[in-house]
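Descriptive structure summary
Residues per chain are reported as follows:
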Amino acid sequence: MPEWPELRAWSGQAQQALQGAALDRIETQNEKMLNLPLEALNAAVRGRRVRQVRNMGKWMLFELDEGLLGLNFNMGADFCLDRRPMENTRLQVFFADGRVFSIRFWFLGYLVYGRSLALCPALASLGPDCMALSKEDFCALLKGRRSLKNLLLDQHTLCGIGNFYLHDLLFLAGLHPARQAGSLSQAEKEGLFEAMHALFERAAAQGGAAYEHDLFFQSGHYRQSFVGYKERQACPRCGAPIEKIKLGASHVYLCANCQH
Ligand SMILES: [Zn+2]
């Protein structure tokens, strides 16, 4: 599932490639991924120019000269920006210059339109982008009795962190995923903020995870994993075996010796 680093890398590409481009039309065989009937969506976006492309958490936002489009890849997608649509895609965004952004979601994805961010419920309900937060604001969100895992993955609290990077993020910060968020000391909260910036900036600079493809169908280069998906392998810091434990609805990987 693409997370902040992938969305940052891809949004940067889309910004370079599409800034100023005029939209022609959107085509889809599955209107369930839209928040408006296709006809109304096309009436809203036809002829609009892309002012800026940026990511907000796991969403790619196309800010138009009027209104905005939000694209969410959900579990992941194959997609491509080219002069010809990619085959077997469920969603195509055609530009007036003949290019087409085709997207084949692995699972249902979303394309939503709003006159503004605040007028688009799917986007307005998101918490702040995890990397746009100041250290002070980030630390202020770490409160209450929820586990760190649940809080950090809750896109309505802060958006951008997902299951792939979570394990390594908590390992780098030396924090146990089951810790109650409100139990962290100020130094631990700040350490988590620093770890997130180090991890996400490095992964985004490498184009995101190696198992994902970008707009031009090139793989990312980020392959590093400290504890994520490494059950029973040696912890890179202390050598103890990495554990996989069930926490809430899913599993987390951790070194019980290094994470408290
Ligand atoms: Zn360890």
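Scroll up for the structure.
Let me begin by describing the structure that accompanies this report. No experiment lies behind these values; they were computed from the predicted model shown.

Here is what the cut-offs are and how they apply
Residues numbered from 1 in each chain as written. Predicted model: local features only at pLDDT ≥ 70, side-chain atom pairs only at ≥ 80, totals over all residues. Heavy atoms only, no water. 1 Å grid on protein atoms, 1.4 Å probe; cavity = no way out; pocket = protein on both sides within 12 Å on 5 of 7 lines; lining within 4 Å. Points joined across faces, edges and corners; volume = space filled by probe spheres on them. Helix = DSSP H or I, 4+ residues; strand = E, 2+ residues; numbered from the N terminus. Nonpolar A, V, L, I, M, F, W, Y, C, P; charged D, E, K, R; others polar. Donors = N, O, S within 2.8 Å, 3.2 Å for Na, K, Ca; no water. Tetrahedral: all angles 85-135°; square planar, octahedral: opposite > 155°, others 65-115°. Buried < 20%, exposed > 50% of the residue type's maximum accessible area, 1.4 Å probe, protein only. Pairing = 2+ DSSP bridges. Axes fitted to C-alpha atoms, helices over the stretch in contact; angles between N-to-C directions. Contact = heavy atoms within 4.5 Å.

**Here's the deal with empty space enclosed by the protein**
Under the criterion given, the structure shown has one cavity of 30 Å³ or more. Considering only enclosed or pocket space, the largest cavity measures out at about 50 Å³ in volume. Taken together, Leu 23, Val 50, Phe 62, Leu 64, Leu 69, Val 93, Phe 95, Phe 101 and Leu 111 make up the full set of residues lining the largest cavity. Among the secondary structure elements, those contributing two or more residues to the lining of the largest cavity are β3 (59-64) and β6 (91-95). Considered class by class, the residues forming the lining of the largest cavity number nine nonpolar, no polar and no charged.

**What about the coordination of the zinc ion?**
Taken together, Cys 235 (SG), Cys 238 (SG), Cys 255 (SG) and Cys 258 (SG) make up the full set of protein donors to the zinc ion, lying 2.2 to 2.4 Å away. Considering all four donor atoms around the zinc ion, angles at the metal cover 101 to 115° and the coordination shape is tetrahedral. In primary-sequence terms, the residues that donate to the zinc ion follow C-x2-C-x16-C-x2-C. In terms of burial, Cys 255 and Cys 258 fall into one category: buried.

**Structural notes on the sheet that holds β3**
Strand order in the open sheet formed by four strands is β2-β3-β4-β8, with antiparallel pairing between adjacent strands. One side of each edge strand has no neighbouring strand; the edge strands of this open sheet are β2 (50-56) and β8 (110-114). Strand-to-strand, the axes of this sheet are offset by a mean angle of 20°, without reference to chain direction. Contacting β2 and β3, helix α1 (residues 4-18) runs over the sheet at an angle of about 175° to β2. Sheet contacts for helix α2 (residues 38-45): β3, β4 (68-72) and β8; angle to β8, the most-contacted strand, approximately 55°.

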